[in-house]
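# Chain and residue survey
One-letter residues, chain by chain:
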Amino acid sequence: MYTCKDSINLLMNFLDGELSQEETQHLREHLQGCSPCVDFLRTYRATPGLCKRALAARMPKEVSEKLTEYLRSKIKSAS
Ligand SMILES: [Zn+2]
């Protein structure tokens, strides 16, 4: 079973459209047993731009760290 941290990694690739079928399956399996990650995905996709920072503050620590890292790299590449 994947951990939340693994799943967030997969999730970021998934959102970038870079996930293999096998990885998508692993992600689905994790999401079936983990409501925080499901809530995260649902809210993340419905959340525009900088509001994602506020969302990250409510995440479990390892999840929010991964998200912050992700957003930082996005912001960096955009400027
Ligand atoms: Zn999880």
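Here is what the cut-offs are and how they apply
- Residues numbered from 1 in each chain as written.
- Predicted model: local features only at pLDDT ≥ 70, side-chain atom pairs only at ≥ 80, totals over all residues.
- Heavy atoms only, no water.
- Helix = DSSP H or I, 4+ residues; strand = E, 2+ residues; numbered from the N terminus.
- Buried < 20%, exposed > 50% of the residue type's maximum accessible area, 1.4 Å probe, protein only.
- Contact = heavy atoms within 4.5 Å.
- Areas by Shrake-Rupley, 256 points an atom, 1.4 Å probe, with all protein chains shown as cover.
- UniProt positions renumbered as here; feature names shortened; annotations may be inferred.

Right, let's talk about the overall build of the chain for a bit. From N to C terminus, the chain includes five helices and zero strands. Each of the 79 residues in the chain was classed as buried or not, and the buried ones make up 34%. Taking all contacts inside the chain whose residues are at least 6 apart in sequence as the whole, residues at least 24 apart take part in 51%. Counting only carbon and sulfur atoms, one obtains 51% of the accessible surface of the chain, whose full area is about 5,400 Å².

Turning to the UniProt feature "domain: Putative zinc-finger" (unreviewed entry) in the chain, a few remarks are in order. The sites that UniProt annotates as "domain: Putative zinc-finger" (unreviewed entry) are residues 4–37. Each end of residues 4–37 is marked by a C-alpha atom, and these two atoms are 7 Å apart; helix forms 82% of the span and strand 0%.

Further remarks concern the environment of Glu23. Mapped onto the elements, Glu23 comes out in helix α2 (residues 21–33). According to the relative accessible area criterion, Glu23 is partly exposed, its value standing at 28%. For the pair Glu23 and Leu10, spaced 13 residues apart in sequence, the C-alpha separation works out to 7.0 Å. Those residues in contact with Glu23, other than ones at most four positions away along the chain, are Leu10 and Glu18.

What follows deals with the side chain of Ser7. Within the secondary structure, Ser7 sits in helix α1 (residues 4–15). Among residues more than four places away in sequence, those in contact with Ser7 are Tyr2, Leu27 and His30.

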